[in-house]
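Okay, here's what each chain looks like letter by letter:
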Amino acid sequence: MKHFIIASAAALFAIPASATFMQAPAQADPGIIVPDSTGFKFTDIKMVKTTPVKDQNKSGTCWSFSGIGLLEDEILRKGGKETDLSEMFVVRNCYIDKAKRLIRMYGDSNFAQGGQIYDVLYALEKYGAMPEEAYAGLNYGDKKHSHYEMAEAMDGYLKGVLANAKKKGNHLTDAWLPGFIGIVDAYLGKVPEEFTYQGKKYTPQTYAASLGLNPSDYIGITSFTHHPFYEEFAVEIPDNWLQAKSMNVPMEEMQQIVDNAIENGYAVGWAADVSEGGFKWREGYAIIPEELDQTNMTDSEVSKWVQLDDKSRDAKRFEKKGPQKEVKVTQEMRQKHFDNWETTDDHGMVIEGIATDQEGNRYYKVKNSWDTNQLYGGYFYVSMPYFLDKTISVTLHKDAVPKEIAKKFKK
């Protein structure tokens with residue numbers, strides 16, 4: 001199958017700023033119960049140091065926001081100052097490299113707005129980094145990111161390059177790459193060879209070196225049975241254009257790794273499916289409730305239930321207020337959902353903490369990149385069943401992996 005796509009689904013990752021909600025602090029102190037109107041009462045029991053919530057707006061660049069968010073948190077963990085890194089510097093360089101790959105593959109490669117958290121580490125090592133104030137990527141006059149027009153321009157241009165090359169007997173002109181870079185730079189801006197930041201002159205490479213981050217210190221973790229455990233493989237998703245490898249572990253150990261990371265002050269990049277009915281962004285939680293049990297319904301309720309269509313039944317299942325009995329996730333279930341496309345690679349975020357609800361159920365507190373106009377100021381709470389079933393992969397510092405698990409890894 002040919003994957004020549006500009007991700008029109010970017011709108012999924014760009015929630016409009018139209019509703020008004022009570023806003024919680026960007027980083028609640030451990031032990032504070034955050035009030036809400038959903039029936040849930042979450043208590044943050046452990047939080048890592050983190051930077052403020054950002055807004056990817058109308059762009060399919062969650063992978064860059066989550067990867068940059070992870071690196072910003074790592075700078076704080078290592079004792080550095082709060083830093084606002086440029087997501088669009090990474091996006092620009094990855095768009096260009098993805099275009100080169102597409103052309104080298106005769107169009108038989110994925111070109112889309114999407115990507116992986118690993119792409120940020122790749123760009124850090126290959127191109128360096130820039131602060132947001134030196135490269136905001138808003139060269140098109142808008143105050144917030146909106147990549148619809150640029151995406152269509154890139155898509156149309158690359159299709160034209162491929163079509164023209166085929167007409168010429170598979171011959172490319174020398175102008176195609178400068179032309180593509182011209183489109184990207186018109187929207188995001190040219191990258192300066194040098195820039196001044198906080199009174200010092202830098203290049204992207206020297207600025208990256210000043211951050212004290214080593215891309216090779218980070219590891220991807222996943223959990224699927226179609227590859228051996230404790231070996232690395234490239235998760236088979238379209239946006240993994242670099243074929244970055246993740247270490248494969250049983251799902252219980254994947255959770256143990258994340259728990260250990262948070263307990264020891266490490267943030268965790270999280271790639272997951274957010275298209276589920278139990279993912280309630282505005283309400284601030286993600287759960288997988290059990291199927292409704294008709295044996296506990298009254299005759300009147302059963303009569304109404306059987307008259308519902310499948311869509312209405314599914315919606316009813318997710319009309320929840322407060323903690324619910326959730327699905328017991330197994331490794332086999334997780335694998336089946338991935339193989340039959342029920343679990344898809346939708347979104348990148350950062351796990352910043354551990355919390356409990358009023359019944360003692362555990363959750364991960366997750367920072368999103370859909371602005372702060374939401375119940376918990378841009379954060380939401382993910383139940384352990386949701387995490388186990390709907391995680392594609394996590395990315396974190398190698399030192400955050402428990403030693404008893406790390407020693408099983410085969411290199």
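Everything discussed here concerns the structure shown above.
Residues numbered from 1 in each chain as written. Predicted model: local features only at pLDDT ≥ 70, side-chain atom pairs only at ≥ 80, totals over all residues. Heavy atoms only, no water.

Examining the overall build of the chain
Convention followed: Strands here mean DSSP runs of E at least two residues long; helices mean DSSP runs of H or I at least four residues long; both are numbered from the N terminus. The buried label goes to any residue with under 20% of its type's maximum accessible area, the exposed label to any with over 50%, and the partly exposed label to all in between, with areas taken from a 1.4 Å probe on protein chains only. Throughout, a contact is declared for two residues whenever any of their heavy atoms are within 4.5 Å. Only the protein chains shown count as cover for residues, and all accessible areas are computed by the Shrake-Rupley method using a 1.4 Å probe.
Summing up its helical and strand segments, the chain has twelve helices and 14 strands in all. Relative to its 411 residues, the chain shows a buried fraction of 55%. Here the analysis covers contacts within the chain between residues at least 6 apart in sequence; of these, 76% occur between residues at least 24 apart. Summed over its atoms, the accessible surface of the chain is roughly 18700 Å², and 51% of this surface lies on carbon and sulfur atoms.

Quick notes on the packing of aromatic side chains
Defined as follows: In summary, the pairing rule links any two rings of Phe, Tyr or Trp, Trp by its six-membered ring, whose centres are within 6.5 Å, and it sorts them by plane angle into stacked for under 30 degrees, edge-to-face for over 60 and tilted for everything else.
Tallied over the full model, the rule gives 26 aromatic pairs. Centre to centre, the rings of Phe-42 and Tyr-376 are 6.1 Å apart; their planes meet at 75°, and the pair counts as edge-to-face. Here Phe-42, found in strand β2 (residues 42-47), pairs with Tyr-376, found in the loop between β12 (362-367) and β13 (379-383); they are 334 residues apart in sequence, far enough to count as distant. With a relative accessible area of 2%, Tyr-376 lands in the buried category. For the ring pair Tyr-157 and Phe-180, a centre distance of 6.5 Å and an interplane angle of 40° mean the geometry is tilted. Of this pair, Tyr-157 sits in helix α4 (residues 148-167) while Phe-180 sits in helix α5 (residues 176-188); the two residues are 23 residues apart in sequence, bridging distant segments of the chain. We classify Tyr-157 as partly exposed; its relative accessible area is 24%.

Observations regarding the nonpolar core
Heads up, the condition is: Take the buried residues of types Ala, Val, Leu, Ile, Met, Phe, Trp, Tyr and Cys, join any two whose side-chain atoms come within 4.5 Å, and each joined set is a nonpolar core.
Judged by nonpolar contacts, the single largest core of 46 residues is most densely connected at Phe-111, Met-154, Leu-158, Phe-180 and Tyr-207. Core analysis: the next-biggest nonpolar cluster, separate from the first, contains 44 residues, Trp-270, Ala-272, Trp-281 and Ala-286 among them.

Re the side chain of Asp-371
Our working rule: In protein, a polar contact means a hydrogen-donor-capable atom and an acceptor-capable atom, both N or O and within 3.5 Å, with residues adjacent in sequence counting only if both atoms are side-chain atoms; elsewhere, any N or O pair within 3.5 Å suffices.
Looking at the secondary structure, you find Asp-371 in the loop between β12 and β13. A polar contact is formed between the side chain of Asp-371 and the side chain of Lys-144, at a distance of 3.2 Å.

Overview of helix α7 (residues 251-263)
This is how it is decided: To estimate the expected span of a helix, count its residues, drop one, and scale the result by 1.5 Å.
Between its terminal C-alpha atoms α7 stretches 18 Å, which fits the 18 Å expected from 13 residues at 1.5 Å a residue. Those residues of α7 that sit buried are Met-251, Glu-253, Met-254, Gln-255, Ile-257, Val-258, Asp-259, Ala-261 and Ile-262. A positive phi of about 90° marks Gly-265, the residue just after α7.

So, the packing of helix α2 (residues 87-104) against α4
Here is the rule: To obtain each axis, a line is fitted to C-alpha atoms, and for helices this fit is confined to the stretch in contact; angles are then taken between N-to-C directions over 0 to 180 degrees. Angle categories are assigned with fixed cut-offs, so that under 35 degrees is roughly parallel, over 145 is roughly antiparallel, 65 to 115 is roughly perpendicular, and the rest are oblique. In this scheme, a crossing is called left-handed if the near helix is turned counterclockwise away from the far one by less than a right angle; it is called right-handed if the turn is clockwise. Put simply, Ala, Val, Leu, Ile, Met, Phe, Trp, Tyr, Cys and Pro go in the nonpolar bin, Asp, Glu, Lys and Arg in the charged bin, and everything else, Gly too, in the polar bin.
Running from N to C, α2 and α4 cross one another at 25°; their axes reach a closest spacing of 11 Å. Between α2 and α4, the interaxial angle falls into the category roughly parallel. At the point where α2 passes α4, the crossing takes the right-handed sense. Residues Tyr-95, Ala-99, Leu-102 and Ile-103 of α2 lie in contact with α4, whose contacting residues are Met-150, Met-154, Leu-158, Val-161 and Leu-162. By residue class, the composition of the contact of α2 with α4 is nine nonpolar, no polar and no charged.

Observations regarding the packing of α2 against helix α3 (residues 118-127)
Interaxial distance between α2 and α3 falls to 10 Å at its minimum, and their mutual angle equals 90°. Regarding the angle of α2 to α3, the classification is roughly perpendicular. Contact with α2, carried on its side by Phe-89, Val-90, Asn-93, Cys-94 and Asp-97, involves Asp-119, Val-120, Tyr-122, Ala-123, Lys-126 and Tyr-127 of α3 and no other residues of that element. Looking at the contact of α2 with α3, its residues break down into seven nonpolar, one polar and three charged.

Digging into the pairing of strand β14 (residues 391-397)
What counts is decided by this rule: By the convention used here, strands pair only if DSSP detects at least 2 bridges between them.
A large share of β14 lies buried, amounting to seven of its seven residues. By the bridge criterion, four bridges tie strand β5 (residues 218-222) to β14 in an arrangement that is antiparallel. Counted as the bridge partner of Gly-220 is Thr-395 from β14. Alignment of strand β8 (residues 268-272) against β14, held across four bridges, turns out to be antiparallel. Residue pairing across strands places Gly-269 opposite Thr-395, the latter belonging to β14.

Re α2
For α2, with 18 residues, the first-to-last C-alpha span of 26 Å sits near the 26 Å given by 1.5 Å per residue. Among the 18 residues of α2, 15 are classified as buried, and the element is accordingly described as predominantly covered. Sitting at the amino-terminal end of α2 is Ser-86, which places a side-chain oxygen 3.4 Å from the backbone nitrogen of Met-88. Phi turns positive one or two residues past the end of α2, at Tyr-106, with a value near 55°.

Structural notes on the environment of Lys-325
If you trace the backbone, Lys-325 turns up in the loop between α9 (310-317) and α10 (331-339). Separated by 36 residues in the primary sequence, Lys-325 and Pro-289 have C-alpha atoms spaced 5.9 Å apart. Apart from residues lying up to four places away in sequence, Lys-325 is in contact with Pro-289 and Glu-290.

A few points about the pairing of β13
Extensive coverage of β13 is indicated by the burial of five of its five residues. What you see with β13 is no split at all: Tyr-379, Tyr-381 and Ser-383 on one side and Phe-380 and Val-382 on the other are buried throughout. Inspection of the sheet shows strand β10 (residues 285-286) paired to β13 by two bridges, in the parallel sense. Residue pairing in the sheet places Tyr-285 in a bridge with Tyr-381 of β13.

Read these as geometric descriptors, not functional statements.
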